[in-house]
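Examination of the molecular architecture
Residues per chain are reported as follows:
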Amino acid sequence: MKSSEERTTGNKTSAMVFVILGFSHHPDVKVMFFILSLCIYIATVLGNLLILLVINMDPVLHTPMYFFLRNLSFLEICYTSVTLPRVMVNLLSSDASISFAGCAAQMYFFLFFGATECCLLAAMAYDRYQAICNPLHYMDIMNKKVCMQLAASSWICGSLVALGHTAFIFSLPFCGSNVINHFFCDIQPVLMLVCADTYWNELQIILAAAFVILMPFLLILVSYSLIISSILKIRSAKGSYKAFSTCFSHLTVVTLFYGTAVFIYIRPKYSYSLNVDKVLSLFYSVVTPILNPVIYSFRNREVKGALFKMRMKIFHPNS
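Below: a short report on this structure. It should be emphasised that the depicted structure is a prediction, and the values quoted were computed from it without experimental measurement.

1. Regarding the sheet that holds strand E3 (residues 17-20)
- Spatially, the three strands line up as an open sheet ordered E4-E3-E5, and their pairing is mixed. Pairing within the sheet leaves two strands with one partner each, and these edge strands are strand E4 (97-99) and strand E5 (179-180).
- The sheet contact formed by E3 and E5 spans two bridges and is parallel. Each bridged residue has a counterpart across the sheet, and for Val19 the counterpart in E5 is Val179.
- Packing against the sheet, helix H3 (residues 100-133) makes contact with E3, E4 and E5, and its axis sits at approximately 85° to E4.

Have a look at this one:
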């Protein structure tokens, strides 16, 4: 049964409204999911805002590494805000519909922030490479202008990739079912509603996604290959551990983000599994952003020191 307005052209129908299926229609389960989603969203926003605040307040953290971390924290807030608020609205409402333009906008911003994160993680790997392999010239190479250019390039690249993918997908004809079996307008669930032969479309999307995801990933692999080679030359075990510890947080985030993104986007539609991919999408779009503040605070001595100083200023201003 269709709960949407539709525009018919010949024997094909273009859905003007999509219906997002989400996770469950059972009232008790929906309430539980809403509470969980709300808690995760608040924790994600507050955690990343805390990282932004700490970096801005402590001059010790005004370095290239934390400049990129500040960009990443802001991006994670935006990334989560694309999906979770809409999920919560759908959980509270009996109407889970989203307009054609609204679905396109959600896909655009989701891809925009996702592609930007791919590029930003590569820029952060390059920063770690320069810090460990060229420590004497690090601040000269990674000056403010270079950092700004790398960050701006990441955001511009993400915007162009998202615009191309979204315009391409939503120019295809939609007919038949208008139900998106997912919790947001992602590429594969929307492609399943296209009524034309999408073989070449899928191939182009996979190739584009492979370029966007794998190119930054290859840059990260090259950077860490050079980093590991440099660390192995350090004779002191303490020195080796100290050098590698500065990369641990970034490596953890890269593994979490790329591990699921590669599996979801770089494969054809026939291998798509609704339930598995829904869980994986939930992991990298919701769970990863909430883990980033935890990873960068608990594994980073400088951030923990800045948090301690901020706490002392707030609770013991005269000490």
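So, next bit.
2. Observations regarding the side chain of Glu117
- In this fold, Glu117 is placed in helix H3.
- Here Glu117 sits buried without a salt bridge, and the closest side chain of opposite charge, Arg128, lies 16 Å off (N-O distance).
- Filtering out sequence-adjacent residues up to four positions away, Glu117 remains in contact with Leu72, Leu75, Glu76, Tyr79, Val253, Phe257 and Asn292.

3. Some words on the pairing of E3
- Neither face of E3 is left uncovered, since the one carrying Val17 and Val19 and the one carrying Phe18 and Ile20 both have all their residues buried.
- For E3 and E4, the ladder comprises three bridges, and the chain directions are antiparallel. Counted as the bridge partner of Phe18 is Ile98 from E4.

4. What to know about the packing of aromatic side chains
- Within this structure, the stated rule accounts for 19 aromatic pairs.
- Between Tyr108 and Phe109, the ring centres sit 5.0 Å apart and the planes meet at 75°, which makes this aromatic pair edge-to-face.
- The class of Tyr108 is buried, set by a relative accessible area of 18%.
- For Phe109, a relative accessible area of 38% gives the class partly exposed.
- Judged by centre distance (6.2 Å) and plane angle (40°), the ring pair of Tyr126 and Tyr129 falls under tilted. Of the two residues, Tyr126 and Tyr129 both sit in helix H3, three residues apart, roughly one turn of that helix.
- Tyr126 sits in the partly exposed class, given a relative accessible area of 31%.

5. A short note on the layout of surface pockets
- Taken as a whole, the largest pocket encloses approximately 800 Å³ of empty space.
- Together, 26 residues line the largest pocket, and Lys242, Ser245, Thr246, Arg301 and Glu302 are the ones closest to its centre.
- At seven residues, the largest contribution of residues to the lining of the largest pocket is made by helix H8 (residues 237-265).
- Looking at the lining of the largest pocket residue by residue, the classes come out as 14 nonpolar, five polar and seven charged.

6. A look at empty space enclosed by the protein
- The final tally for this structure, using the stated rule, is four cavities of 30 Å³ or more.
- Estimated volume of the second largest cavity: approximately 70 Å³.
- Lining the second largest cavity are Met65, Met124, Asp127, Arg128, Thr246, Ser249, His250 and Tyr296.
- Among the residues forming the lining of the second largest cavity, the class breakdown is three nonpolar, three polar and two charged.

7. So, helix H1 (residues 27-57)
- Taking 1.5 Å as the rise per residue, H1 with 31 residues should run 45 Å; its terminal C-alpha atoms sit 44 Å apart, in good agreement.
- Burial in H1 covers these residues: Lys30, Phe34, Ser37, Tyr41, Thr44, Val45, Gly47, Asn48, Ile51, Leu52, Val54 and Ile55.

8. Considering the environment of Ala210
- Its place among the elements puts Ala210 in helix H7 (residues 199-232).
- Each C-alpha atom, one on Ala210 and one on Val262, is 8.0 Å from the other, the two residues being 52 residues apart in sequence.

9. Some points on a positive patch on the surface
- A cluster of like positive charges, contributed by Lys238, Lys242, Arg301 and Lys304, occupies part of the molecular surface.
- Going through the elements one at a time, H8 and helix H10 (301-315) are the ones with two or more residues in the positive patch.
- Among the structural elements, Arg301 can be located in helix H10.
- Residue class for Arg301 comes out exposed when judged on its relative accessible area of 75%.

10. Quick word on the nonpolar core
- Counting 83 residues, the largest nonpolar core has Phe170 and Val190 as its most contacted members.
- Considering each element in turn, this core owes the most residues, 18 residues, to H3.
- For Phe170, the residues in contact, after removing those within four places along its chain, are Phe18, Phe100, Cys103, Ala104, Met107 and Val190.

11. Re a nonpolar patch on the surface
- Taken together, Leu38, Ile42, Leu46 and Leu49 make up a surface patch of nonpolar side chains, about 340 Å² in accessible area.
- If you trace the backbone, Leu49 turns up in helix H1.
- Residue Leu49 is classed as partly exposed on the basis of its relative accessible area of 41%.

What counts, and where the lines are drawn
Residues numbered from 1 in each chain as written. Predicted model: local features only at pLDDT ≥ 70, side-chain atom pairs only at ≥ 80, totals over all residues. Heavy atoms only, no water. Pairing = 2+ DSSP bridges. Helix = DSSP H or I, 4+ residues; strand = E, 2+ residues; numbered from the N terminus. Contact = heavy atoms within 4.5 Å. Axes fitted to C-alpha atoms, helices over the stretch in contact; angles between N-to-C directions. Buried < 20%, exposed > 50% of the residue type's maximum accessible area, 1.4 Å probe, protein only. Lys, Arg positive; Asp, Glu negative; His and termini not counted. Salt bridge = Lys/Arg side-chain N within 4 Å of Asp/Glu carboxyl O. Phe/Tyr/Trp six-rings, centres within 6.5 Å; stacked < 30°, edge-to-face > 60°. 1 Å grid on protein atoms, 1.4 Å probe; cavity = no way out; pocket = protein on both sides within 12 Å on 5 of 7 lines; lining within 4 Å. Points joined across faces, edges and corners; volume = space filled by probe spheres on them. Nonpolar A, V, L, I, M, F, W, Y, C, P; charged D, E, K, R; others polar. Expected span 1.5 Å × (residues − 1). Patch = residues over 30% accessible without salt bridge, like charges linked within 9 Å, V, L, I, M, F, W, Y side chains within 5 Å. Areas by Shrake-Rupley, 256 points an atom, 1.4 Å probe, with all protein chains shown as cover. Charge placed at Lys NZ, Arg CZ, Asp CG, Glu CD. Core = buried A, V, L, I, M, F, W, Y, C linked by side-chain atoms within 4.5 Å.

Read these as spatial facts, not as claims about activity.
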